[in-house]
Every structure is written in C-alpha cells, then in structure tokens.
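# Structural characterization, general
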Amino acid sequence: MKILLINNDGGGFADHIEVNDGITVAELFKKQSPNRKPTDYLIRVNRQPAGSDQVLQPGDRISITPTKIEGAAA
Amino acid sequence: MPDRQRIRLACWLHQIWQQLTGRFTELEYEWELLRRRWERVQQTHRRCQLAHQHGWLLCLPGLQAELLDALAGLADMISSLRTAYQPVAPQELKLSHWYQELEQLHDEFATVTYLKEEGKLRVETPAITLADVELGSFAIDFKKEKSGPSINDFAITALDANPASQNENVTHPHVKDGELCAGDAKAPIKIALESGRLADVFLLIQSTLQTYNPQSAYVKLSDWHGVPCSDCARSVDSEESYSCNRCGNSLCEQCFSSCSSCSSSFCPGCVQGCSACKVDCCEACLDLSEGNGEPLCRDCRTSCDRCDKMVGTDELDEESQLCKECSEEDDAEQPKETQATEEVSNT
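Note that the coordinates shown come from a computational prediction; the quantities given were computed from them, not determined experimentally. (Residues numbered from 1 in each chain as written. Chains lettered and ligands numbered in written order. Predicted model: local features only at pLDDT ≥ 70, side-chain atom pairs only at ≥ 80, totals over all residues.)

## Focus on the overall build of chain A
Secondary structure summary: chain A contains 1 helix and 5 strands in total. Each helix and strand of chain A, placed in order from N terminus to C terminus, yields the pattern β-β-α-β-β-β. Burial statistics for chain A: of 74 residues in total, 26% are counted as buried. Across chain A, every contact between residues at least 6 apart in sequence was considered, and the portion connecting residues at least 24 apart equals 58%. (Helix = DSSP H or I, 4+ residues; strand = E, 2+ residues; numbered from the N terminus. Buried ≥ 20, exposed ≤ 12 C-beta atoms within 10 Å, placed from the backbone. Contact = placed C-beta atoms within 7 Å.)

The structure is reproduced here in structure tokens:
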C-alpha cells in the first residue's frame, strides 16, 4: 500500500512510499531510521499523535520530526 | 481560536504561499559542514596510511573505524544536500491544507495567536531549560516579509527573558537579535516551507530551541552568567576578564593587578611590592637583596662593583658604589694603609 512519509530528519524529504499492508508505526520507524530512538521524535499519523502499535492505512500521512536538532551561531 | 478566525487565517496563509517566489537562501552552513567532514575524512585517511607505513598495526583497527565513521558522516551530508537541492514542483495548496495546518498547530502548541495589527502568527513554547540555565519560554512569530516565505520570516522572542550577562541580545545560545541560527534544522525547514508544512516548520524551530550545541553558540551556557571574578565575585564577560599569569584565576578590570616590570596581569595575591619603591611586581621580576634580604624590582637593584653581590641601589655606598661588606672591609683597611704610609714617609 502507498503512504505519504514526511521525514523531517536530515534533509527533510516528503514522498509517497510503498509499504507492506498491516505495517505498524513502530515497524515503519525502525525501517526508515534503524539507528534512532523513537522517543527522540514526534511521530504523527494524519497530523495526530500515534501509538507505536497503530496499524497504518493506505493513504496515511506520517511525519517524523526530531525533538533534538542542533542550532548554531551564524 | 474560533473556527471563523481560523478560516480567515487559513485564507491569509493561502494568499502568502500563492505569492511564493520559489527563491530560497543558499545552504551556506550545510556546505561548510560538508567541507569540514571532507577534511576529517582526508585527515583520518592520512593517519591510516601513516600507521600502515610505519607498521603500527595495533592502532590500525581503531583508525579504520574512525575512517568509516568519517565517511558515513560525509555520506549523510551529501545526502542532505542532494535532498535540499531536489527541484520541488510547485504544489497547489488548497485552503483546506492551511486549515489543517492551523488545526495541527493548535494541537501541538498550547498558545497560538494571530496578532492582527502586526500581521504575525505566533506560537509559544513551554519554558526551556538547557544545561541548568532557565531560558524561559519563547514566542515563535511568523510574519511574511517582502519575498519568501523563508526562515527569515520567523522571529524568536524570549517571553521570560534571561539573556546572557555579556550580551542582552542573546536570549538563547542560538538566538541573537531575535534571529535563530537554525544549524542542522536549516535544510528540513527549507523543504517544509517549500511544501507549505507550516506546522512542521514551527515544530522544527521548537526542537532547535530545545537543543543545546555547545560547539557553536553565540554565548556558551557555561559563560551565560559570566565568569566570576576571583576577587570581588562580580560576573564578567569571559572575553573581558583578565587571567592571572601565576594561578590562572579570572579577574575583572577593577581587581586585576599588573607587574610594573613585565606588565603581565596577576591577581592581587600573586604580586608583591618592591621594598624600595613599593610598586607591585610578580615573583619572576622581584629578587631578594643579598644584603638585607628584601624583595627588589629591577629598577631598585644593582650589583656591587667588587663582589658582584645583588643588593638594593640604596644599599650601596654613595662614593665607592660598593656593598656594605666591601665598604666596611675598605674602611678597615684604610687605617692600616694610613699607618703604613706614615711609616714609609718617616723613614
């Protein structure tokens, strides 16, 4: 099935991707960001907070936004 | 915010994005990061080569692991830049999109207000504490400027300001004069703006405000309240403080002393007065008189012409310029010489 994934980590791309039917939020996160901790991110499904075991539906909009990003001094 | 107001706001945002010029600022910070990561790869590779040439086999695995890490960092940066420069087809963002963005903003932030007279959309963060320094909460204001939208359309205002003691315009380690230096957030913010994901932009800015990067801060949090003067305890800007050359303590402008001979700065406890002229000098510039044992500066000490002993200038005999001992010896010799001269004259 196709979902819209918005990954605000790093480059910040948004794209439609194919995933397996019945995939959960936790499984998708682990697949996209294997070396990251979910607790360091705001994960939203259709703009709403989502549990890790929430099963994704076709056409869902998933955004992953880091809660820790290093700023700088210009 | 009532629905009607939200609808009006959605219309306002819709209008702004329709005027989007599509020009965004270059990613200078990211290019600088790329350059630094490439340098790290080159340095690590050179070290591996040196270790291999010299047969330093024990350190090779560690160096190779470091090289792999450096290459991974470089690859990440290249990937970020590739994504940032991907051409983005202009999207048709409907009014419903903006309404949903505003709904999400209200879900993510406790306070969302539209300052109509100023033409600003404001969200407020919770109170932020970094490295035990309470910075308070911040307002993130979006106000469309002439062109854009861009990161420059977002201003950061400290609501319970606790600015750095040495610069009141720095209210956060990465905020100066109301502008956030977004650092690693710059690329995803750019993409989010191009896509009209306003809620994501506000969230990314909040995440940056909630993270401390001590390697690149306008003022480090360790210096936030300044450096305490070791003498009067007053807080002073670390760049305006003086360091004692002997004990390393930090001092303010009022409390530091300088050696009159070498002009280096010292704390009051690390200088001593010359016993002759009373000026303060450091340990290295004072010497003890071999005559009376008192400390003397360079200007107040000299050597006896005969025995070369180091004594104060006021310890020398005025006429002979000899030290006390040599002078006394001379005085003792003089009666004998006088008697000898008389004896010779009489014979």
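Still more ground to cover, so stick around.
## Thoughts on the interface of chain B and chain A
Taken together, the contact pairs 32 residues of chain B with 20 residues of chain A. Counting residues per element, the ones that place at least two in the side of chain B that touches chain A are α3 (60-84), α4 (95-108), α5 (186-194) and α6 (198-209) of chain B. Class assignment of the residues belonging to the side of chain B that touches chain A gives a composition of 14 nonpolar, 14 polar and 4 charged. (Nonpolar A, V, L, I, M, F, W, Y, C, P; charged D, E, K, R; others polar.)

## Details of the confidence of the model for chain A
Averaged over chain A, the pLDDT score is 91; the fraction of residues at 70 or greater is 96%. Here strand β2 (residues 14-18) of chain A is the element of chain A with the lowest mean pLDDT, 90, and strand β3 (residues 41-45) of chain A is the one with the highest, 96. (pLDDT = per-residue confidence, 0-100.)

## As for the sheet that holds strand β9 (residues 179-180) of chain B
Residues and elements named next belong to chain B. Across the sheet, 3 strands lie side by side as β7-β8-β9; this open sheet has antiparallel pairing. Two strands close off the open sheet at either side, each with one partner strand: β7 (170-172) and β9. Across 2 bridges, the pairing between β7 and strand β8 (residues 175-176) is antiparallel. Counted as the bridge partner of H172 is V175 from β8. (Pairing = 2+ DSSP bridges.)

## Regarding the environment of S265 of chain B
In this fold, S265 of chain B is placed in strand β15 (residues 265-266). Those residues in contact with S265 of chain B that lie beyond four places of it in its chain are Y242, S243, C244, N245, F256 and S258 of chain B.

## Considering the nonpolar core
Counting residues in hydrophobic clusters, the biggest one holds 42 residues, and the most contacted among them are I140, L180, I189, V201, F202, L204 and I205 of chain B. If you tally residues by element for this core, the top one is α6 of chain B, at 8 residues. Filtering out sequence-adjacent residues up to four positions away, L180 of chain B remains in contact with G71 of chain A together with F154, I156, H174, V175, I205 and T208 of chain B. Formed by 20 residues, the second largest nonpolar core is a distinct cluster that contains C244, C259, C274 and C300 of chain B. (Core = buried A, V, L, I, M, F, W, Y, C linked by C-beta atoms within 7 Å.)

## What to know about unusual backbone geometry
Residue and element names in this part refer to chain B. One non-glycine residue, D132, lies in the positive phi region at around 65°. Within the element layout of this structure, D132 appears in the loop between β3 (128-130) and β4 (133-136). Since 7 C-beta atoms lie within 10 Å of it, D132 is described here as exposed. Even without being glycine, K278 reaches a positive phi, approximately 75°. In this structure, K278 sits in the loop between β16 (271-273) and β17 (280-282). A count of 10 C-beta atoms within 10 Å places K278 in the exposed class.

## So, the pairing of strand β2 (residues 120-124) of chain B
Residue and element names in this part refer to chain B. Only one face of β2 is covered, namely the one carrying L121 and V123; the face carrying K120, R122 and E124 has none of its residues buried. Here strand β1 (residues 111-115) pairs with β2 via 5 bridges, running antiparallel. Within β2, the residue paired with L115 across the bridge is K120. Hairpin connection from β1 to β2: 4 residues lie between these consecutive antiparallel strands, with G119 at a positive phi of about 65°.

## Points about the sheet that holds β3 of chain A
What the 5 strands build is an open sheet, ordered β2-β1-β5-β3-β4 (chain A); its pairing is mixed. The open sheet terminates on both sides in strands that have one partner only, identified here as β2 and β4 (48-49) of chain A. Relative to β3 of chain A, helix α1 (residues 25-32) of chain A is tilted by about 125°, and along the sheet it contacts β1 (2-7), β3 and β5 (61-66) of chain A. The strands touched by α6 of chain B within the sheet are β1, β3 and β5 of chain A, with β5 of chain A carrying the most contacts at an inclination of about 20°. (Axes fitted to C-alpha atoms, helices over the stretch in contact; angles between N-to-C directions.)

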